[in-house]
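A structural walkthrough
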Amino acid sequence: MRFIPITHIKPGMLLAKSIYNKNGSLLLRAGTKLKSHYVIKMNEIGILGAYIEDEISKGLEIDSVISDELRMKAVDKVRDVFLDAETGRSTVDQNMSQANELVDNIIDELIDNKHIMVNMVDIKSYDEYTYQHSVNVCVLSIIMGISLGFTREQLTNLGMSALLHDIGKIFIDIDLLNKVEPLTDAEMDIMRGHSLDGYRYIKYEFDFPFQTNIGILQHHEKYDGTGYPRNKEGEDISLFARIIAIADVYDALISNRYYKKAVPPSEAMEYIMGGAGAHFDYDLVNIFVRKVALYPIGAGVKLSNGDVGIVAKNYPDAPNRPKIRLLDKDCKDYTYIDLKNDFTTKDVTVLKIVNI
Ligand SMILES: [Fe+2]
């Protein structure tokens, strides 16, 4: 199977994974052959792409680091918590403790799958962005925490901090959050207030450990001291915040927003690597790059020798040298090229992700 963005989805394609709407109801079951009115509907409701089974991707398994069901439950719960907080509903305590339980479930699944590299593709819809982004940042942060040898308790505290890192955005007007035009200085100040506002809200309304709260406060601080709200520098920024900062920026970059298009995972990772030691903690970037695939399995790639193929396997210790299925001219048949292990391919590099 492979992930294909909605712009390249065509009638006749075979769904490899079921598609759900934002309430978790099944829209199209895995195994369905897409008809043209399904594709129109998918476009209408803002589905950003789908997993497809075809000849060239046959046999490629894309393992999710957490199950779709758990991801959906977590997104639902984040939505409840954010809406409760925004409207002052009394259900917030109950929803928050359920969110905590879901973070524990996420940790369980991530520990079970700790050898899998994350194959992240953007499936976020515009109106659900904040909730889906929160869950992604939570997953990516916990993955780094596991690599760092965190205790179970630390992982839970980190997971909650990551899940709630942007809760301060409930205090910002939705029109400003989705504004397409460049922000004025005053608007930028309001936007930047979300980390302090979120910290204050969580600190005064709940009983989370200090580290969880401080991760929310400092998630926009930068390693070189150019971040906000306090221009903290280096290890004066809490470890949680340094972890969340990487996960947050990476996931934001690979997302489509009203005001910007998503960039491919490889370019997002290049940005993160470029910021190692400046915006981001160098050692943490080193961990991150070994856990998140630059070229997700199933992604179409163009190579420096002009060949085109799809990624078949990734190597954590050589993230930019995947094994690739090279396609023939009609994209019907393929051979393999292993950029890590085949030394005759030493001069070949992956140029970029392309749609096939
Ligand atoms: Fe933020």
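Everything quoted here is computed from the prediction, not taken from an experiment. (Residues numbered from 1 in each chain as written. Predicted model: local features only at pLDDT ≥ 70, side-chain atom pairs only at ≥ 80, totals over all residues.)

Focus on the packing of helix 10 (residues 239-253) against helix 12 (residues 282-291)
Contact pair helix 10 / helix 12: the axes reach a minimum separation of 10 Å and the direction vectors enclose 45°. It follows from the interaxial angle that helix 10 and helix 12 lie oblique. The crossing of helix 10 and helix 12 is right-handed. Along the contact surface, helix 10 presents Arg242, Ile243 and Ile246, while helix 12 presents Leu284, Val285 and Phe288. Class assignment for the residues of the contact of helix 10 with helix 12 results in five nonpolar, no polar and one charged. (Axes fitted to C-alpha atoms, helices over the stretch in contact; angles between N-to-C directions. Helix = DSSP H or I, 4+ residues; strand = E, 2+ residues; numbered from the N terminus. Parallel < 35°, antiparallel > 145°, perpendicular 65-115°, else oblique. Left-handed = near helix turned anticlockwise from the far one by under 90°. Contact = placed C-beta atoms within 7 Å. Nonpolar A, V, L, I, M, F, W, Y, C, P; charged D, E, K, R; others polar.)

Some details on unusual backbone geometry
Here the bond from Tyr228 into Pro229 is cis, since omega is 10°, no more than 30 degrees from zero. Located in the positive-phi region is Asn231, a residue other than glycine, with phi close to 50°. Along the polypeptide, Asn231 turns up in the loop between helix 9 (210-217) and helix 10. Classification of Asn231 by C-beta neighbours within 10 Å gives exposed; the count is 12. (Buried ≥ 20, exposed ≤ 12 C-beta atoms within 10 Å, placed from the backbone.)

What about the packing of helix 5 (residues 152-163) against helix 9?
Geometry of a packed helix pair, given as the angle between the helix axes and the separation of the axes. Where helix 5 meets helix 9, the closest approach of the two axes is 8 Å, and the angle between their N-to-C directions is 30°. In terms of their interaxial angle, helix 5 and helix 9 are classed as roughly parallel. The way helix 5 lies across helix 9 gives a crossing that is right-handed. Here Asn157, Leu158, Met160 and Ser161 of helix 5 come into contact with helix 9, specifically with Gln211, Thr212, Gly215 and Ile216. Split into classes, the residues belonging to the contact of helix 5 with helix 9 amount to three nonpolar, five polar and no charged.

A look at the domain arrangement of the chain
A common way to express how large an interface is: the accessible area buried when the components associate. The assigned domain composition of the chain is domain 1 (2-53), domain 2 (68-291) and domain 3 (300-354). Distance between the C-alpha centres of domain 1 and domain 2: 28 Å. (Domains from an automatic or database assignment.)

Focus: the sheet that holds strand 1 (residues 2-5)
Read across the open sheet, the three strands follow the order 1-5-2; overall the sheet is antiparallel. The open sheet has two edge strands with one neighbour each: strand 1 and strand 2 (14-15). Pairing of strand 1 with strand 5 (residues 49-53), which is carried by four bridges, proceeds in the antiparallel orientation. Counted as the bridge partner of Pro5 is Gly49 from strand 5. (Pairing = 2+ DSSP bridges.)

Quick word on the pairing of strand 9 (residues 334-338)
Bridge count for strand 8 (residues 323-327) against strand 9 is five bridges, and the pairing is antiparallel. Across the sheet, the residue bridging to Leu327 is Tyr334, located in strand 9.

Section: helix 9
Inspection of helix 9 places Thr212, Asn213, Gly215, Ile216 and Leu217 among the buried residues, and these make up the whole buried set. Those residues of helix 9 hidden inside the fold are in contact with helix 5, helix 8 (194-205) and helix 10.

As for the sheet that holds strand 6 (residues 300-303)
Spatially, 9-8-7-6-10 is the arrangement adopted by the five strands of the open sheet, whose pairing is antiparallel. A strand with exactly one partner marks an edge of an open sheet, and here the two such strands are strand 9 and strand 10 (350-354). When the angles between neighbouring strand axes are averaged without regard to direction, this sheet yields 40°.

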